[in-house]
Amino acid sequence: MSELINFDEKSIKTWSLIGSRATFGMVSLDLAKNVKDLMILTCDVSTSAGLDRFRKSFPEKYLDVGIAEQNLIGIAAGLSSTGYNVFTTTFAPFQTMRCCEQIKVNLGYMKKKINMVGLASGLVLGNLGYTHCCIEDISVIRSIPNIAILSPADCTETVKAIEASLSYKSSVYIRLTGSQNNPIVYKNDYNYEIGKLIELKSGKDITIFSTGTMVYESLEAEKILKSQGISCSVIDVHTIKPIDSVAIVELSKKSKLFVSVEEHSIVGGLGSAIAEVNSSVNSSPEHLIIGVPDKYEISGDYGYVKEMYGLSSKLIAKKIFDKYKTL
Amino acid sequence: MKKLNENELVKIKNFSKKIRKHILDMALYAGASSSHFGGALSIVEIISTLFSHQMNLNKKNKYLETRDRFILSKGHACLAYYAALCEIGFIKKDELKTFEKNDSNLLGHPVANKELGIEFSNGSLGMGLSLGIGLCISSKKKRNNFNVYTILGDGECNEGSVWEGMMAASHFKLDNLYIFIDRNNFQQTGSNDEIMCLNDLKAKLISFGWNTIEIDGHNINEISNALNLNVKNKPTAIIANTIKGKGFSFSENNNNWHHAVLTKSTYEKALTELENYE
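Treat the numbers as computed from the prediction; the structure is a model and nothing was measured. (Residues numbered from 1 in each chain as written. Chains lettered and ligands numbered in written order. Predicted model: local features only at pLDDT ≥ 70, side-chain atom pairs only at ≥ 80, totals over all residues. Heavy atoms only, no water.)

(A) Main features of the packing of aromatic side chains. According to the stated counting rule, one finds 19 aromatic pairs over all chains in the structure shown. Between Y130 of chain A and Y296 of chain A, the ring centres sit 5.3 Å apart and the planes meet at 55°, which makes this aromatic pair tilted. You can see Y130 of chain A sitting in the loop between strand 4 (115–119) and helix 6 (137–142) and its partner Y296 of chain A sitting in the loop between strand 12 (286–292) and helix 11 (302–308), a full 166 residues away along the chain. Here the aromatic residues F51, F70, Y81, Y82 and F99 of chain B are joined through ring pairs into a cluster of three or more. One cation-aromatic arrangement involves K160 of chain A over Y190 of chain A; the distance from NZ or CZ to the ring centre is 5.4 Å. Positioned over the ring face of F146 of chain B is R69 of chain B, at 4.2 Å from the centre of the ring. (Phe/Tyr/Trp six-rings, centres within 6.5 Å; stacked < 30°, edge-to-face > 60°. Helix = DSSP H or I, 4+ residues; strand = E, 2+ residues; numbered from the N terminus. Lys NZ or Arg CZ within 6 Å of the ring centre and 35° of its normal.)

Encoded structure:
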C-alpha cells in the first residue's frame, strides 16, 4: 500500500474529475514534501502539466528548459547522475520522439535514471491533428533497452505509477491517456507493482488485455459480451515493458481467444508485446489486436475519433463477438 | 588570473607529448579497424591542460561528489581521452592495447565506466553540452562547487541540440561551465565551409550570452589563461583554433586522417617526428 500519497475516496474522485494531467500536477505537491532531491523539468508546458502551483510553491525544485526536448533529456540525465530524482514532462510526442536518441543514449545505453511523463497521449488531442495525437510512443520506446513503460488505466493508477516509478531501478516512461472526467477503474487503494498485470474480471472463454483508457472500455465490453453468453477475463496491463510474460503464458492455457485493446497504433504497442510472448506458447490461442490502424486518418473530438476507430465499448464488444463466432 | 609558471608549462608540454605517443600506439593497435586520428590530435593540448593541471579529478576523488567533471562531447576523439586517463592512472597502459578489440572497455566512442574515469557514454554528437548543463545546475544547487569541462567539435555544432544547450547554459547563468569548441575547420567529409559553414562562430556565441574567448588551441598558456578568467554569471566558451592531425607532417590539415589506418612504417616516421616536436 501507499506510503507517500493518501488514496482516500475523495482524492480518487477529485483525480478522476480533473484528469490525468492535472492529477500529475496535484500529486507533485505531495512528492515535493516527501521526496528528497526532487526535480521536475518541463518544456514550457507547466500549465498543461498541472504544475502551476508546484512552480510557485517549489521554485527550487522546478526547472523550465524552454521548448527544447533534446536538451530536456540531457539536463535531466546530468541531474540524475548526481543523485536527483528527476521527472520530465511534456506532451507525449515531444517527450518521446523529438528526443528519442537522447533517450536511447542517456537512459537506455548509459542507464541514467529519470521518470518521463508523456502528457495527453493517444487520441485526446484529436482536434489538434496528428502532430499532437500520439499513437506511436509505446512502440518507439519499447525498442530501447532499460526503460519501463507504464500505461495507467485511470487517474488512481496514474498516481500509483508516479509513486512506483520513483523507486524503480531503471528509467520509466509514464504514458497518460484520457481527458477530464476520466472514468474510474480503481475506486479504492490497491496493490500495484510495476511488471505485474492485474486481472480485474475472471472469465473462461476469452482474455481481454487492455491498457490506459481502454481498460474501462474493455470492462464495459465484458458486460455486453456476458449478456451474449460469452465469458471474458479483463486484464489491466499497466506495465507494457517489462511485460508480465509469466502471467500471459498462464492465461494462454485457459483462453480460446486473446484480445488486446489499446489507444495506440496496432504496430508495436500492447498487442505486439502480448503477441511476442504468445508466439512462443505451444498451441497458443488466436489473438485479435484492437487499436488505431496504421494510418493518420480520422480527426475530430476525442469521442468521435475513438468511435470512428472502433474504440468504444460497444464496438469493441462487437469486434470480439464477430471474431469469437469464427473460432 | 593565475598564470602558469615555467615548471607547470613544461609539465603540461611533456604530458602532451605522452598523449601523442599513446595516440600513435593505439592507432597502431587498432590496425585495419582504423581510428579517429585527426580529431584526437587537435585536442591534445586542451585535454593535457585539463587533465594534468586544471581539473580537480584524480584516482582518490573519483567517487566524490565534489570532483570536476569532463565530458568529451565529440566522443570520436576518445584516443586523446583514454591516453589522458592512462597518464593520470585510471587506465593501465596494457589496457590501451585493447582499443576497439572484442569485449574491450575502450571502444571507438567512450562508454561510461566510473572505475576507468569515463564519466559518460558519448559518440552521438550534440549531447554532451546538455549533460554538462544538468551537472552544473546540480553543482550549484547542492553547493558541491565543481566545474564542468566539455569539448565539442566544430562539425558537431551543426547539430541543433548544441544550440538548445547554448541558449540554456547562458539563461541559467552557469559560470561553472567551460566548453571548448575544437575549431579545426574540418568535419568528416570536408571542410566546415564546404559542408556547413559556421560563419562568425564567435559572434554567434557572444549573441547567445556566453563569455567567449578565441585562442590558439595548441598554446598551453592561452588555454590555461582562458580557463581562469573567473567571469561570473556566464558560461565560458573557448573557441580553440586548432590543426586537425596536429603534430605529424602527414596528418596536419589532411582530412584523409579523420578516420584512418596507421601503418607500421607511418608509425615509425611519426615517432621520429614526435622526438623533435616542440
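(B) Quick look at the interface of chain B and chain A. On the chain A side, the residues contacting the 23 residues of chain B number 26 residues. Taking both partners together, chain B and chain A bury about 2000 Å²; carbon and sulfur atoms supply 61% of that area. Its largest share of buried area at the contact with chain A, chain B owes to M127, K141 and E164 of chain B, together 28% of the area lost on that side. Counting across the chain B and chain A interface gives one salt bridge. Residue K142 of chain B pairs with D37 of chain A through a salt bridge whose shortest N-O separation is 3.4 Å. Taken together, chain B and chain A are joined by nine residue pairs in polar contact (both at pLDDT 80 or more). Contributing elements (two or more residues each) for the side of chain B that touches chain A: helix 6 (128–141) and helix 7 (160–171) of chain B. (Contact = heavy atoms within 4.5 Å. Buried area = accessible area lost by both parts, 1.4 Å probe. Salt bridge = Lys/Arg side-chain N within 4 Å of Asp/Glu carboxyl O. Polar contact = N/O pair within 3.5 Å; in protein donor to acceptor, adjacent residues only side chain to side chain.)

(C) Layout of the packing of helix 3 (residues 69–80) of chain A against helix 5 (residues 100–109) of chain A. All names here are of chain A. At their nearest, the axes of helix 3 and helix 5 sit 9 Å apart, and the two run at 10° to each other. The angle between the axes of helix 3 and helix 5 places the two elements in the roughly parallel class. Residues Q70, I73, G74 and A77 of helix 3 form the contact with helix 5, whose participating residues are Q102, I103, N106 and L107. Partitioning the contact of helix 3 with helix 5 into residue classes produces four nonpolar, four polar and no charged. (Axes fitted to C-alpha atoms, helices over the stretch in contact; angles between N-to-C directions. Parallel < 35°, antiparallel > 145°, perpendicular 65-115°, else oblique. Nonpolar A, V, L, I, M, F, W, Y, C, P; charged D, E, K, R; others polar.)

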